[in-house]
Amino acid sequence: MSLATIYSRSCTGVDAPLVTVEAHLANGLPSLSIVGLPEAAVKESKDRVRSALINCQFEFPAKRITINLAPADLPKEGGRFDLPIALSILAASGQIPSTELSDYEFLGELSLGGELRSINGVLPAALMCQKAKRTLCLPTQNEQEASLISSSKLISAKHLLEICAHLCKQQELPLKQHITHPSPNSDINKDFSDVHGQHHVKRALEIAAVGKHSLLMLGPPGTGKSMLAARLPSILPLMTEQQSIETASIYSVSQHPIDFKQWQTAPIRSPHHTASAVALVGGGSHPKPGEVSLAHNGVLFLDELPEFDRKVLEVLREPIENGSISISRANHQTEFPARFQLIAAMNPCPCGYLGDTSNRCQCSAQQVTRYRNKISGPLLDRIDMHIEVPRIPHKMLREGTQGGEESSVSISKRVVEALNNSIHRQGYSNHQLSTSDIKKHCQLSDDDHQLLEQAMDKLGLSHRAYHRILRVSRTIADMDNQETIQRKHLTEALSYRRMDRQNQQ
């Protein structure tokens, strides 16, 4: 047989489209050509494959060999096609049987001696292979990552000869079992009990954790803004298996290591304020996910928010609203998920001490205005909650709160209970409520509607802010185990529009 077909997977964004590797052997001058829009690393695979086959004591056919990677209009990159190309040549030359090749999908880079090396983007490929009901064959180094997907059929090998022996029924490779990695819900080194006082800020963070709301903290240096934000993941519930796989898939294609012990814990990303727009949302000639996607289903913490370049901050507007980011290039478009919870912190003025009890602020009104104008109105409008973080008394810093501080474990229990209220009602957290959902689940009395409308007129709130206030009110009502939003829930939600009040002053 001079023609053989092998199935493999490419990597496009967080998708793994099927690639059919076809090998044809024909008479003519000995050569090996690869067609089907291969990138440089794929073109170089012919030299790796030739050396690997010869060093494994296989016969490299002295024929005109054509390798076709279909579909032809899909760009292929990386060394992931080395293994399927080598097997297609062996099958076309009759050195291994081709009867059962259609039941497998192969991924792996080859060394010159035939050893298999790890590749990126295995998790999306394993997920698509499972849907296609085929067995995935991959390097041993990628076995743990692929085994995160339940009910998947996997075999792994360290060498090309092991796979050939399996296909020839000489020594079969065992199917790998799905591995469950239990994950703790919190980091014992970052607990809310470490933070003295700031009870209203902890309350706001608890509301944000329940409803997945975005939050901006405003306060002088050293008041605990970064410390509080770093402890938010300790009260977030564990991600579901589907959410965990979505997030792990992004890490898989972005060459970031997956922490298998913590893979169900919501991620937290904290980029430095010198980060570029591409680093934040992703990009490149072959688009890779940015920080907003790496924080998918988790927390994106932006400390010193006004220190970020304004153009960089503006790119956050679309992913905050849509939960995804589309990166367009001349030849293709890639979409990455980006449903993250934005937590930001900033000082009230350039020196940081405006309104502080120390009275050390020397900033003029013009400097304060210029500093705050670095954050545009449309971006500020998309942040659900704004809260002030004042300096606590020295005595509280030394002695703590009477009776001690509440731990993350006890706060987390309330978060889970309140979140379950919204899950049972609409199937998802409150920050995802659509306009129709808000009309259905966020109804107010006539008097409360009048109060909200008066607040909108006084603070100059937009219709987007109106909906965000109702979502936060719904979350507070869920924490209070109330089916309807009451006046106290609405007034508390209005109190979390600190920046709107300041902009009116």
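Peer 1: Could you give an account of the overall build of the chain, naming the residues involved and the relevant values?
Peer 2: Summing up its helical and strand segments, the chain has 22 helices and 18 strands in all. C-alpha extents for the chain along the principal axes are approximately 85 × 50 × 45 Å. Contacts spanning at least 24 positions in sequence make up 73% of the contacts within the chain whose residues lie at least 6 apart. Accessible surface for the chain amounts to roughly 22900 Å². Of this, 49% is attributable to carbon and sulfur atoms.

Peer 1: How would you explain the nonpolar core if you had to name every residue and give the values?
Peer 2: Membership of the largest hydrophobic core comes to 49 residues, with the highest contact counts inside it found for Leu215, Met217, Leu232, Ile343, Met385, Leu452 and Tyr496. If one sorts the elements of this core by residue count, helix H20 (residues 463–479) sits on top with 8 residues. Leave out the neighbours within four places in its chain, and leucine 452 touches Leu444, Tyr466, Ile469, Leu470, Leu490 and Leu494. One finds Ala52, Leu69, Leu74 and Leu173 within the second-largest nonpolar core, a separate group that totals 42 residues.

Peer 1: Give a description of the confidence of the model for the chain that names residues and reports values.
Peer 2: For the chain, the mean per-residue pLDDT works out to 91, and 96% of the residues sit at or above 70. For the chain, per-element mean pLDDT is lowest for helix H22 (residues 498–503), which scores 62, and highest for strand E7 (residues 116–117), which scores 98.

Peer 1: Explain helix H9 (residues 241–253) to me, and be specific about the residues and the numbers.
Peer 2: Compared with the 18 Å implied by 1.5 Å per residue over 13 residues, the 18 Å span of H9 between its first and last C-alpha is a close match. Listed as buried for H9 are Ser244, Ile245, Thr247, Ala248, Ser249, Ile250, Tyr251, Ser252 and Val253. Check the buried side of H9 and you find it contacts helix H4 (122–131), helix H5 (143–146), strand E11 (268–269), strand E13 (288–289), helix H11 (291–294) and strand E16 (333–337). Taken from the residues just after H9, glutamine 255 is the one with a positive phi, measuring 65°.

Peer 1: Can you explain helix H2 (residues 45–55)? Please cite residues and give values.
Peer 2: Residues of H2 that are buried include every one of Ser45, Arg48, Val49, Ala52 and Leu53, and no others. Buried residues of H2 fall within an arc of 125° about the axis and therefore sit on the same side. Those residues of H2 that are buried lie in contact with strand E3 (31–35), helix H1 (40–43), helix H3 (82–92), strand E6 (109–110) and helix H6 (160–167). Count one or two residues on from H2 and you reach glutamine 57, which has phi positive near 70°.

Peer 1: Tell me what's going on with the sheet that holds strand E4 (residues 64–70), and back it up with residues and numbers.
Peer 2: The sheet built from 4 strands is open, its strands ordered E1-E2-E4-E3 with mixed pairing. For this open sheet the edge positions go to strand E1 (3–9) and E3, each flanked by a neighbour on one side alone. Averaged over neighbouring strand pairs, the angle between their axes works out to 15° when direction is ignored. The pairing of strand E2 (residues 18–26) with E4 spans 7 bridges and is classified as antiparallel. By the bridge assignment for E4, histidine 24 is matched with threonine 66.

Peer 1: I'd like a rundown of the sheet that holds E11, residues and numbers included.
Peer 2: One open sheet accounts for 5 strands, arranged E11-E14-E17-E10-E18; its pairing is parallel. In this open sheet, the two strands that pair with only one neighbour each are E11 and strand E18 (385–388). Direction of pairing for strand E10 (residues 215–218) relative to strand E17 (residues 341–346): parallel, over a ladder of 4 bridges. By the bridge assignment for E17, leucine 216 is matched with alanine 344.

Peer 1: Talk me through the environment of glutamine 144; I want residue IDs and the actual numbers.
Peer 2: Within the secondary structure, glutamine 144 sits in helix H5. Residues glutamine 144 and lysine 176, 32 residues apart in the sequence, show an inter-C-alpha distance of 9.3 Å.

Peer 1: Provide a residue-level description of the packing of helix H7 (residues 199–211) against helix H17 (residues 408–426), including the pertinent values.
Peer 2: One can describe the packing of H7 onto H17 by two numbers: an axis separation of 9 Å at closest approach and a directional angle of 40°. One finds that H7 runs oblique with respect to H17. Judged by the sense of rotation from one axis to the other, the crossing of H7 with H17 is right-handed. Contacts from Glu206, Ala209 and Val210 in H7 reach Ile411, Arg414, Val415, Ala418 and Leu419 in H17. Per-class residue counts for the contact of H7 with H17 are 6 nonpolar, no polar and 2 charged.

Peer 1: A description of the packing of aromatic side chains should follow, citing residues and the corresponding values.
Peer 2: This model, assessed by the stated rule, comprises 1 aromatic pair. It is arginine 134 that lies over the ring of tyrosine 7; its NZ or CZ is 4.2 Å from the centre. The ring of tyrosine 353 has arginine 360 sitting right over it, with the charged end atom 4.0 Å from the ring centre.

Peer 1: Go over the state of the cysteines with me, naming the residues and quoting the values.
Peer 2: Under the defined criterion, the tally for this structure stands at 0 disulfides. Free cysteine: cysteine 129, not disulfide-bonded; nearest cysteine sulfur from cysteine 137 at 10 Å. Relative accessible area serves as the criterion here: at 1%, cysteine 129 is assigned to the buried category.

Peer 1: Tell me about the pattern of salt bridges, and name the residues and values.
Peer 2: According to the stated counting rule, one finds 23 salt bridges in the structure shown. For aspartate 384, the salt bridge is made with arginine 468, and the minimal N-O distance between the two is 2.6 Å. Of this pair, aspartate 384 sits in the loop between helix H15 (377–381) and E18 while arginine 468 sits in helix H20; the two residues are 84 residues apart in sequence, bridging distant segments of the chain. Relative accessible area serves as the criterion here: at 8%, arginine 468 is assigned to the buried category. We note a salt bridge from glutamate 406 to arginine 414, for which the minimum N-O separation is 2.4 Å. The partly exposed category is assigned to glutamate 406, whose relative accessible area is 34%.

Peer 1: Before we move on, can you summarise the side chain of serine 254 with the specific residues and values?
Peer 2: Mapped onto the fold, serine 254 is located in the loop between H9 and E11. Looking at serine 254, the relative accessible area reads 10%, which means it is buried. Side-chain polar atoms of serine 254 contact the backbone oxygen of isoleucine 250, separated by 2.9 Å. Looking at serine 254, its side chain comes within polar contact range of the main-chain oxygen of tyrosine 251, at 3.2 Å.

Thresholds applied
Residues numbered from 1 in each chain as written. Predicted model: local features only at pLDDT ≥ 70, side-chain atom pairs only at ≥ 80, totals over all residues. Heavy atoms only, no water. Helix = DSSP H or I, 4+ residues; strand = E, 2+ residues; numbered from the N terminus. Contact = heavy atoms within 4.5 Å. Areas by Shrake-Rupley, 256 points an atom, 1.4 Å probe, with all protein chains shown as cover. Core = buried A, V, L, I, M, F, W, Y, C linked by side-chain atoms within 4.5 Å. Buried < 20%, exposed > 50% of the residue type's maximum accessible area, 1.4 Å probe, protein only. pLDDT = per-residue confidence, 0-100. Expected span 1.5 Å × (residues − 1). Arc of directions from axis to C-beta. Pairing = 2+ DSSP bridges. Axes fitted to C-alpha atoms, helices over the stretch in contact; angles between N-to-C directions. Parallel < 35°, antiparallel > 145°, perpendicular 65-115°, else oblique. Left-handed = near helix turned anticlockwise from the far one by under 90°. Nonpolar A, V, L, I, M, F, W, Y, C, P; charged D, E, K, R; others polar. Phe/Tyr/Trp six-rings, centres within 6.5 Å; stacked < 30°, edge-to-face > 60°. Lys NZ or Arg CZ within 6 Å of the ring centre and 35° of its normal. Disulfide = S-S within 2.5 Å. Salt bridge = Lys/Arg side-chain N within 4 Å of Asp/Glu carboxyl O. Polar contact = N/O pair within 3.5 Å; in protein donor to acceptor, adjacent residues only side chain to side chain.

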